[in-house]
Amino acid sequence: MSTYKSEFNTINCDINTVYSKLSQPATFRDQLEKNLDKMPDDAREHLEKVHFEDDGISIDSPMGPMKLSVAESVEPSLVRFAAQNSPVAFHLDVELEPVDATTTRSRALIDIDLPFFMRTMVGNHLGEAVNRLGEMLARLPYNDL
């Protein structure tokens, strides 16, 4: 397995609220549609490729549609999504830790089972993608969802 970690990001919301939203992806569906116009253009562009469902998140990727199902959660510090419909096995972790009563620090992490030849071709892209994902997660308006 190869591991790609995002930089740490700061979320201006308490850890329990962030965890409750991320561990139940369906909570994003209606509220996100209502608040999409309040988000920055770059965040909106990324979110148009993401679909929140009852048991996970579907993503329109360059390899085709992929689903990330909630596989594990440890309240309030970890939400793990396992890949479905993916040509390679991987999981995505969202790690959370409190900074103070109103701020959370987050990091996205991807563990992926890539053959060596693929790792050299896509490793840099995965590193960039996990950083963008971490940034997107930090921009979500958790208190408004």
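Rules and cut-offs
- Residues numbered from 1 in each chain as written.
- Predicted model: local features only at pLDDT ≥ 70, side-chain atom pairs only at ≥ 80, totals over all residues.
- Heavy atoms only, no water.
- Helix = DSSP H or I, 4+ residues; strand = E, 2+ residues; numbered from the N terminus.
- Contact = heavy atoms within 4.5 Å.
- Salt bridge = Lys/Arg side-chain N within 4 Å of Asp/Glu carboxyl O.
- Buried < 20%, exposed > 50% of the residue type's maximum accessible area, 1.4 Å probe, protein only.
- Expected span 1.5 Å × (residues − 1).
- Bend = angle between axes of the 7 residues up to and from the residue.
- Polar contact = N/O pair within 3.5 Å; in protein donor to acceptor, adjacent residues only side chain to side chain.

1. Considering the environment of Lys21
Locating Lys21 in the fold gives a position in helix α1 (residues 15–22). For the pair Lys21 and Leu109, spaced 88 residues apart in the sequence, the C-alpha separation amounts to 18 Å. Sequence-distant contacts of Lys21, that is, excluding residues within four places in its chain, are made with Thr27, Phe28, Tyr142 and Leu145.

2. Points about the pattern of salt bridges
Throughout the structure, instances matching the rule amount to 8 salt bridges. A salt bridge links Glu53 to Lys67; its shortest N-O distance comes to 3.1 Å. Residue Glu53 is located in the loop between β3 (50–52) and β4 (56–61), and its partner Lys67 is located in strand β5 (residues 64–74); the two are separated by 14 residues in the primary sequence. Residue Glu53 is classed as partly exposed on the basis of its relative accessible area of 25%. Looking at Lys67, the relative accessible area reads 17%, which means it is buried. With a closest N to O distance of 2.6 Å, Arg80 and Asp93 form a salt bridge. Residue Arg80 is found in strand β6 (residues 78–84), and its partner Asp93 is found in strand β7 (residues 90–100); the two are separated by 13 residues along the sequence. Its relative accessible area of 4% is what places Asp93 among the buried residues. Several salt bridges share partner residues, and in doing so they unite Glu53, Asp55 and Lys67 into one network.

3. What about helix α4 (residues 116–139)?
Every α-helix carries 3.6 residues per turn, so stepping three or four residues along brings you back to the same face. The end-to-end C-alpha distance of α4 is 34 Å, a good match for the 34 Å that 24 residues give at a rise of 1.5 Å each. Helix geometry: α4 is bent most strongly at Val122, by close to 55 degrees. The set of residues buried in α4 consists of Gly123, Leu126, Gly127, Val130, Gly134, Met136, Leu137 and Ala138. The elements touched by buried residues of α4 are β1 (2–5), β2 (9–11), α1, α3 (41–47), β7 and β8 (103–112).

4. A word on the side chain of Ser2
Its place among the elements puts Ser2 in strand β1. In terms of polar contacts, Ser2 uses its side chain to reach the side chain of Arg119, at 2.9 Å. In this structure, Ser2 is in contact with Ile110, Asp111, Ile112 and Arg119, ignoring residues within four places of it in sequence.

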